[in-house]
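Chain and residue survey
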Amino acid sequence: MTPRVLSIAGTDPSGGAGIQADLKTIGAFGGYGMAVVTALVAQNTEGVRSVHVPPPAFLAEQLDAVSDDVVIDAVKLGMLHSTPLIDIVVAWLERVRPPVVVLDPVMVATSGDRLLDAAAEAAIRRLCARVDLVTPNLPELAVLAGQPEATTWAAAVDQAQALAAATDTVVLLKGGHLAGATSADAVVTAEAVRPVEGRRVITTTTHGTGCSLSSAMATLRASGFSWFDALGHAKEWLTGAIEHGAALEVGRGNGPIDHFHHLREHVPHLRADVGSPTWTGRAWDDSAPVRDRVDACEFVRRLGDGTLEPERFAWYLAQDAVYLGEYAELLARAAALAGAPEEQAFWARGSVAAQEEEMRLHRAWVAGMPAAAPATRAYLDHLHAAHRHGYEVLIAALLPCSWLYADLGRRLVAQDRPAHPYGAWLRTYADPAFLDAAETARSIVDRVAEAASSDGRNAMTAAFAASMRHELAFFEAP
Ligand SMILES: Nc1ncnc2c1ncn2[C@@H]1O[C@H](COP(=O)(O)OP(=O)(O)OP(=O)(O)O)[C@@H](O)[C@H]1O
Ligand SMILES: Cc1ncc(CO)c(N)n1
């Protein structure tokens, strides 16, 4: 049976949050989506501009128009704005008694704008007791539990259990607002806490994650899953949707997630690799598990959020300076081996840039040149070995260095702020010119891979993958 799921929420004309996100999510999970609008919100990925609330009686008319005609299998409640609207929704729920009701107690948007009257908080607290699942983020949980915002997982669990006990309902505790390598959530009742682990994606595309998660839970529950199993499925999908969000290139602020990322894989002309079945594209995709570990590693996370100890950063920079010296030398060797003049020029320019620009940047931080640490030595030895295999393998082995840093820089720089201790470092790698150079390197490697023998391509693939593993080890060393 296709579950018929009704979202009662506010709008987001930019399509990432609110009712628009709910309908996409319900569809993504195989439900039939319906929507009753509580408030029209002029918002986009950057924030909320204004809110228009139609007369409460019109909300009642919308609700009745749906329930007089359609059997409703699940309801998701989002932005309810103010007490008069909450009262109408409560009266309607009492009358219609939908079998599944999930409440996302929306109070404040990701951008920090209020979406609920402060006076309506008590009404939302009472509503919790009338629904099957509540999905507060940490600030909302604090309001509902009447406590200061939790800053640790243990404190958040305590608040969620207190709320579950006080309202006799199930709480989906969301850890999105906690710092850490993972982003765990949990199904919490007065008796039990069942966590579902998730990777934390380094990205700014998190607009509407809460709306989407609650709609996924309503749809999966109406399809027969337990809350815990529903969370497992929803979380896996959500993490993928967050990861694919940046590729949508929607908006300048906190962009939306890609609700249909999992379907694109099955629609041939929408698959990311179709139309550009390049060698580098495949090598990059194949390296996803290693790159996920780079994102998750403590050093990279704390470099991004600025909490990394200065001594560890200095140690890393010193090793990077050692690395870059020999890397520049290997780029020069690539220039010497290249056949085409423009390729010779490109690698030679890269060699000079690596020597000058990056060494200058590093000299600002590094006092003396240390010996190579084991991870540095191993990476460089691998590059030297690649050089002995010839041009093709050498440039495949050199590529992850610039590509991975361009990709990381572009994402980490989003966390740059005044007085970020590593802001200058982040900006170097987020520089569009750096990304351009990585893109050019990529196109040269693709051209060379196309012309290579199948044995040659295999050796290139192995060299690229090994460099990516060395990059990970380099970040794990400090
Ligand atoms: N960077 C991230 N990587 C992976 N998962 C994340 C990330 N940020 C949030 N999540 C997940 O997204 C879901 C929503 O969490 P969050 O606590 O951010 O809710 P929210 O504040 O209500 O969301 P929003 O207001 O942005 O719609 C949770 O499952 C959380 O674990
Ligand atoms: C309408 C609406 N509901 C919820 C959120 C929370 O992200 C939002 N930004 N807009």
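Once a new chain begins, its residue numbering starts again from 1 and follows that chain's sequence as written. Labels are handed out in written order, letters beginning with A for the chains and numbers beginning with 1 for the ligands. Where local features are concerned, this predicted model is filtered to residues with pLDDT of at least 70; where side-chain atom pairs are given and counted, the filter is 80 or more; whole-chain, interface and lining totals use all residues. To get the side-chain values, take all heavy atoms of the structure and skip hydrogens and water.

Worth spelling out the cut-off: UniProt positions are given in the numbering used here, feature names are shortened, and annotations may be inferred rather than shown by experiment.
Looking at an unreviewed UniProt entry, one finds the chain named Bifunctional hydroxymethylpyrimidine kinase/phosphomethylpyrimidine kinase and attributed to Aeromicrobium duanguangcaii. The record in UniProt for the chain states the following under Pathway (unreviewed entry): "Cofactor biosynthesis; thiamine diphosphate biosynthesis; 4-amino-2-methyl-5-diphosphomethylpyrimidine from 5-amino-1-(5-phospho-D-ribosyl)imidazole: step 3/3." In the Function (unreviewed entry) part of its UniProt record, the chain is described as follows: "Catalyzes the phosphorylation of hydroxymethylpyrimidine phosphate (HMP-P) to HMP-PP, and of HMP to HMP-P."

**So, the site of ligand 2**
The condition that has to hold: Nearness is judged by heavy atoms alone; a residue qualifies as near a molecule or strand once a single heavy atom is within 4 Å of it. Whenever two N or O atoms come within 3.5 Å, that pair is a polar contact, provided that in protein one can donate a hydrogen and the other can accept it, and provided that, for residues adjacent in sequence, both atoms are side-chain atoms. The method behind every accessible area is Shrake-Rupley, applied with a 1.4 Å probe, and residues are considered shielded solely by the protein chains displayed. Three classes are used: nonpolar for Ala, Val, Leu, Ile, Met, Phe, Trp, Tyr, Cys and Pro, charged for Asp, Glu, Lys and Arg, and polar for all others, with Gly counted as polar.
With respect to spatial proximity, eleven residues lie near ligand 2, and among them G10, T11, Q43, L115 and C211 are the closest. Within the contact set of ligand 2, a nitrogen atom lies 2.8 Å away from a side-chain nitrogen or oxygen of Q43. Protein chains shield 93% of the accessible area of ligand 2, which is 280 Å² for the free molecule. Partitioning the shell around ligand 2 into residue classes produces six nonpolar, five polar and no charged.

**With respect to the sheet that holds strand β8 (residues 170–174)**
To keep things clear, this is the line we draw: For two strands to be treated as a pair, DSSP must find at least two bridges joining them. Counting from the N terminus, the helices are the DSSP runs of H or I reaching at least four residues and the strands are the DSSP runs of E reaching at least two. The contact definition used throughout considers only heavy atoms, calling two residues in contact when any of these lie within 4.5 Å. Axis definition: a line fit to C-alpha positions, over the contact stretch in the case of helices; interaxial angles, taken between N-to-C directions, run 0 to 180 degrees.
With respect to topology, eight strands assemble into an open sheet ordered β2-β1-β5-β6-β7-β8-β9-β10, the strand pairing being mixed. For this open sheet the edge positions go to β2 (32–37) and β10 (193–196), each flanked by a neighbour on one side alone. When strand β1 (residues 4–9) meets strand β5 (residues 74–77), the two strands line up parallel, connected through four bridges. Within β5, the position partnered with L6 by the bridge is V75. Sheet strands in contact with helix α1 (residues 18–28) are β1, β2 and β5, and its direction is about 165° off that of β2.

**A word on the site of ligand 1**
In the vicinity of ligand 1, 19 residues are found, and the nearest of them are K174, H177, S183, D185 and G210. Measuring from an oxygen atom of ligand 1, one finds a backbone N or O atom of G176 at 3.5 Å. In the environment of ligand 1, an oxygen atom lies 2.8 Å from a nitrogen or oxygen atom belonging to the side chain of S183. Of all the secondary structure elements, the ones that give two or more residues to the shell around ligand 1 are α7 (209–222) and α8 (227–248). Top contributing element to the shell around ligand 1 by residue count: α7, with four residues. Considered class by class, the residues forming the shell around ligand 1 number five nonpolar, nine polar and five charged.

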